[in-house]
Amino acid sequence: MLSVSFGRKWQMSRLDDPQNRMNKHYTELLNSQIKLALARSKSASLLSHKGLQGRAREVFLHDLLLPFLNEDLGVCTGVVVDSKGQQSNQIDIIVYDKRLIPPILWTLGEGIVPCESVLAAIEVKTVLTSTEVKKAVSNARSLKCLQPEFREANSHTPVKSSIVCCVFAYKSKRKPSNEERTLNRHVEAANSSGKTRIVVPISAFCVAESCFGLCHIDNPSDPKEIRFETVTVDPIPRFLTYFLDNTVFLMAQRSPMCLSHYFY
């Protein structure tokens with residue numbers, strides 16, 4: 001079974017036209033959740049302790065992501081594995097389909113998840129420094145290098161899109177126009193280090209207070225045709241709708257899977 005890099009087109013313009021915006025009740029809910037998340041993030045940033053990164057993840061999860069997720073989806077932090085014995089780095093947020101191969105959860109929110117069940121992953125940062133971008137690229141690459149075996153009980157689609165990897169940060173010291181350059185620099189450095197080449201480890205990024213960036217793949221076989229589009233209007237709504245839309249798209253590609261290849 002083939003797996004391809006995720007490159008389905010998602011139009012930036014869907015939030016530009018008021019006629020294309022969400023139902024007003026959903027819009028009001030989203031806006032209120034965003035205000036709550038930003039207020040809690042600002043409050044947490046006044047504290048100086050090692051748990052700050054964990055707090056940023058917790059705020060993002062409970063105030064921005066969980067209220068809008070399909071009930072068939074599970075969320076945890078942990079590692080993703082394949083049936084060949086490989087595993088990813090530690091991932092901040094793993095979104096998986098509970099109907100497929102079940103994860104091994106050590107606690108309610110932490111565990112080991114088979115890559116065939118994973119739809120998306122998010123790295124959550126308090127401040128998106130260059131070091132944090134580099135770490136996010138490394139973590140995304142560790143996911144993209146896994147080898148899923150889509151052994152479905154009832155095959156749905158022959159070609160599967162790979163895990164959608166994103167970065168969400170509350171702040172950044174860079175200008176929005178420089179976010180793409182920083183990301184591309186770290187992607188190129190990782191690809192030239194002799195490791196497996198992953199053309200698009202990060203599909204989208206969001207800095208809550210400044211911008212949303214989305215990767216467009218016009219021709220996956222030609223890296224020159226891969227580009228980011230960055231906008232500064234409504235970055236969080238754009239990020240969330242992109243993420244939620246494409247998670248649902250990936251769900252539709254997969255059906256319940258056999259677990260035997262993880263044992264034999």
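The text that follows walks through the structure, step by step, so that each part is easy to find. All values derive from a computational prediction rather than experimental measurement.

## Quick look at empty space enclosed by the protein
Part 1 of the argument: Evaluated as defined, the whole model comprises 5 cavities of 30 Å³ or more.
Part 2 of the argument: Of the pockets and cavities examined, the largest cavity occupies roughly 70 Å³.
Part 3 of the argument: Forming the walls of the largest cavity are Leu-128, Val-133, Ala-136, Val-137, Val-167, Glu-179, Leu-183, Ile-202 and Phe-205.
Part 4 of the argument: For the lining of the largest cavity, the element with the highest residue contribution is helix H3 (residues 130–144), accounting for 3 residues.

## Observations regarding the pattern of salt bridges
Part 1 of the argument: Tallied over the entire structure, the rule returns 7 salt bridges.
Part 2 of the argument: Between Lys-125 and Glu-123 there is a salt bridge whose closest N-O contact spans 3.6 Å. Both residues of the pair, Lys-125 and Glu-123, count as buried.
Part 3 of the argument: Glu-132 is the partner of Lys-125 in a salt bridge, and the nearest nitrogen-oxygen pair spans 2.9 Å.
Part 4 of the argument: Put simply, Lys-84, Glu-149 and Arg-151 are held in one network by salt bridges that share partners.

## Considering the environment of Glu-132
Part 1 of the argument: Along the polypeptide, Glu-132 turns up in helix H3.
Part 2 of the argument: Residues Glu-132 and Val-167, spaced 35 residues apart in sequence, show a C-alpha to C-alpha distance of 9.7 Å.
Part 3 of the argument: Those residues in contact with Glu-132 that sit more than four places away from it in its chain are Lys-125 and Val-127.
Part 4 of the argument: Polar contacts involving the side chain of Glu-132 include one to the side chain of Lys-125, which spans 2.9 Å.

Calculation notes
Residues numbered from 1 in each chain as written. Predicted model: local features only at pLDDT ≥ 70, side-chain atom pairs only at ≥ 80, totals over all residues. Heavy atoms only, no water. 1 Å grid on protein atoms, 1.4 Å probe; cavity = no way out; pocket = protein on both sides within 12 Å on 5 of 7 lines; lining within 4 Å. Points joined across faces, edges and corners; volume = space filled by probe spheres on them. Helix = DSSP H or I, 4+ residues; strand = E, 2+ residues; numbered from the N terminus. Salt bridge = Lys/Arg side-chain N within 4 Å of Asp/Glu carboxyl O. Buried < 20%, exposed > 50% of the residue type's maximum accessible area, 1.4 Å probe, protein only. Contact = heavy atoms within 4.5 Å. Polar contact = N/O pair within 3.5 Å; in protein donor to acceptor, adjacent residues only side chain to side chain.

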